[in-house]
Amino acid sequence: MLKGKAVVNNMDTGSDIKEVTVKGVYMINIFGRAVPAVMLEDKDGMIMPIHIGQSEALSISSVLKNETMPRPMTHDLIVSILSRLEAEVERILIDEKKDNIYYARMTLIKDGKSMEFDARPSDCIAIALRNNAPILISEDVFNEDAISKENFTGSKAITGFA
């Protein structure tokens, strides 16, 4: 898929897909340095972290907390543009991990046509949350990095996002 180009097709990946929810944004201690991560949770209570940037962490966290920023953030702008263009976020799919980098695709619907866009998972998640769109992930990708909820909540390396 060409980056930045819309591809009209479906999201067939050849693997099983599951829906996840966003448990929250947390700071994870990695090699003595706090790094933000969005935590995805499946219906069985398994948790999977995706390391993200500070601005994406703030964007996702603000949606989860129902906070409104004094000025629109980039993801708010994108949602506003999509709304004016009468395009709908159908879903996002995190379907691949290569060299410790996750890959995601966002599917938009406009005038009955489906368009797929390559994007960072953090951007997809921030936009999906603002549109109540489903967040899907390949089971293979999820299972590779998932931990149990008990291990997640008991970890000393994890703190809430401020």
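As a reminder, the structure under discussion sits directly above these lines.
The present account deals with the structure reproduced in this document. (Residues numbered from 1 in each chain as written. Predicted model: local features only at pLDDT ≥ 70, side-chain atom pairs only at ≥ 80, totals over all residues. Heavy atoms only, no water.)

### Thoughts on the nonpolar core
Piece 1. Of all hydrophobic cores here, the largest spans 31 residues; its most connected members are Val 38, Leu 40, Ile 50, Ile 60, Ile 94, Ile 125 and Ile 137.
Piece 2. Among the elements that line this core, the one with the most residues is helix H3 (residues 121-131), at five residues.
Piece 3. In this structure Ile 60 touches Val 22, Val 25, Val 38, Ile 52, Ser 122, Ile 125, Ala 126 and Leu 129, once residues within four positions along its chain are discounted. (Core = buried A, V, L, I, M, F, W, Y, C linked by side-chain atoms within 4.5 Å. Buried < 20%, exposed > 50% of the residue type's maximum accessible area, 1.4 Å probe, protein only. Helix = DSSP H or I, 4+ residues; strand = E, 2+ residues; numbered from the N terminus. Contact = heavy atoms within 4.5 Å.)

### Some points on a nonpolar patch on the surface
Piece 1. Taken together, the side chains of Leu 77, Ile 81 and Leu 85 present a nonpolar region at the surface, about 280 Å² in accessible area.
Piece 2. Tracing the sequence through the fold places Leu 85 in the loop between helix H2 (74-84) and strand S4 (88-98).
Piece 3. Its relative accessible area of 48% is what places Leu 85 among the partly exposed residues. (Patch = residues over 30% accessible without salt bridge, like charges linked within 9 Å, V, L, I, M, F, W, Y side chains within 5 Å. Areas by Shrake-Rupley, 256 points an atom, 1.4 Å probe, with all protein chains shown as cover. Salt bridge = Lys/Arg side-chain N within 4 Å of Asp/Glu carboxyl O.)

### Section: the pattern of salt bridges
Piece 1. Taken as a whole, this structure holds 11 salt bridges when the rule is applied.
Piece 2. When the shortest N-O distance is used, the salt bridge between Asp 42 and Lys 18 registers 2.8 Å. Taken together, the positions of Asp 42 in the loop between strand S2 (33-41) and strand S3 (46-51) and Lys 18 in strand S1 (residues 17-30) put the pair 24 residues apart, joining distant regions of the chain. A single burial state applies to Asp 42 and to Lys 18, both of which are buried.

### Some thoughts on the environment of Val 79
Piece 1. Locating Val 79 in the fold gives a position in helix H2.
Piece 2. Judged by relative accessible area, which is 17%, Val 79 ranks as buried.
Piece 3. Residues contacting Val 79, with those up to four places away along its chain left out, are Ile 127, Arg 130 and Asn 131.

### A look at the environment of Leu 136
Piece 1. Relative to the elements of secondary structure, Leu 136 occurs in strand S7 (residues 135-138).
Piece 2. Judged by relative accessible area, Leu 136 falls into the buried class, the value being 12%.
Piece 3. For the pair formed by Leu 136 and Lys 18, sequence separation is 118 residues and the distance between their alpha carbons is 5.5 Å.
Piece 4. Ignoring sequence-local partners within four residues, the contact set of Leu 136 consists of Ile 17, Lys 18, Glu 19, Arg 91, Ile 92, Leu 93 and Ile 94.

### Regarding H3
Piece 1. Burial analysis of H3 places nine of its 11 residues in the buried class, which makes it a mostly covered element.
Piece 2. Those residues of H3 not exposed but buried are Pro 121, Ser 122, Asp 123, Cys 124, Ile 125, Ala 126, Ile 127, Ala 128 and Arg 130.
Piece 3. Of the residues trailing H3, Asn 132 is marked for its positive phi of about 50 degrees.

### Quick look at helix H1 (residues 54-64)
Piece 1. When we look at burial in H1, the residues that qualify are Glu 56, Ala 57, Ser 59, Ile 60, Ser 61, Ser 62 and Val 63.
Piece 2. Buried positions along H1 lie against S1, S2, H2 and H3.
Piece 3. Backbone geometry just after H1 places Asn 66 at a positive phi near 55 degrees.

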